[in-house]
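# An overview of the molecular structure
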Amino acid sequence: MKPLTVKEIEKLTAVPPPCIKHRYLGGVPGFALVHTPAGYTGYGLIYRADGKRKKLTLGSTKRLTLGDARKLATRFRNEIEAGGDPHGEKLQQRQRAAKLRQAEIDKERLDVERLWETYMQQVASQLRTRSSCHNIHPI
């Protein structure tokens, strides 16, 4: 397949399609243009890893030139052929980041609970009755 040029891509993306379209750009196996009904156009790399079809988003046509996107696609294609899975690694990074955020939230929750217990031990003893701190009575 002959690699498409910038002018050909502009012509292809002039009108938004009725559904998401992937158009192979040539030059690198799996290198594709992604065009959505919302008007987004971007570059992607479609490949197989572990027997599954995967798509790695390289970036928007507004942020990446065709040449830069082709270089990225080549780099990732070489990584894939060496046994890597860039999309899988990207997902694993997101999962690790989510776990770290959740651990931070859990730690803050424990800190608040510890503060409440300390407060109850120090201040509740000075109140009239300790049980009045735990029970809320309707008026």
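Use the structure listed above.
Just so we're clear, the structure is a prediction, and the values are computed from it rather than from any experiment.

## Re the nonpolar core
Formed by 18 residues in total, the largest nonpolar core has its most connected members in Ile 9, Leu 25, Phe 31, Tyr 43, Leu 45 and Leu 58. Those elements that place two or more of their residues in this core are strand 2 (31–35), strand 3 (41–49), strand 4 (52–60) and helix 2 (66–81). The element best represented in this core is helix 2, accounting for five residues.

## As for the environment of Pro 18
Considering the arrangement of structural elements, one finds Pro 18 in the loop between helix 1 (6–12) and strand 1 (21–24). The class of Pro 18 is exposed, set by a relative accessible area of 77%.

## Notes on the environment of Asp 50
In this structure, Asp 50 sits in the loop between strand 3 and strand 4. Asp 50 gets classed as exposed once you look at its relative accessible area, which sits at 73%.

## Quick notes on the side chain of Arg 77
Its location among the elements puts Arg 77 in helix 2. Of the buried charged residues, Arg 77 lacks a salt bridge, with Glu 81 as the closest side chain of opposite charge at 4.4 Å. Among the polar contacts listed, one links the side chain of Arg 77 to the backbone oxygen of Pro 29, at a separation of 2.7 Å. Those residues in contact with Arg 77 that sit more than four places away from it in its chain are Val 28, Pro 29, Gly 30, Leu 45, Ile 46 and Tyr 47.

Thresholds applied
Residues numbered from 1 in each chain as written. Predicted model: local features only at pLDDT ≥ 70, side-chain atom pairs only at ≥ 80, totals over all residues. Heavy atoms only, no water. Core = buried A, V, L, I, M, F, W, Y, C linked by side-chain atoms within 4.5 Å. Buried < 20%, exposed > 50% of the residue type's maximum accessible area, 1.4 Å probe, protein only. Helix = DSSP H or I, 4+ residues; strand = E, 2+ residues; numbered from the N terminus. Lys, Arg positive; Asp, Glu negative; His and termini not counted. Salt bridge = Lys/Arg side-chain N within 4 Å of Asp/Glu carboxyl O. Polar contact = N/O pair within 3.5 Å; in protein donor to acceptor, adjacent residues only side chain to side chain. Contact = heavy atoms within 4.5 Å.

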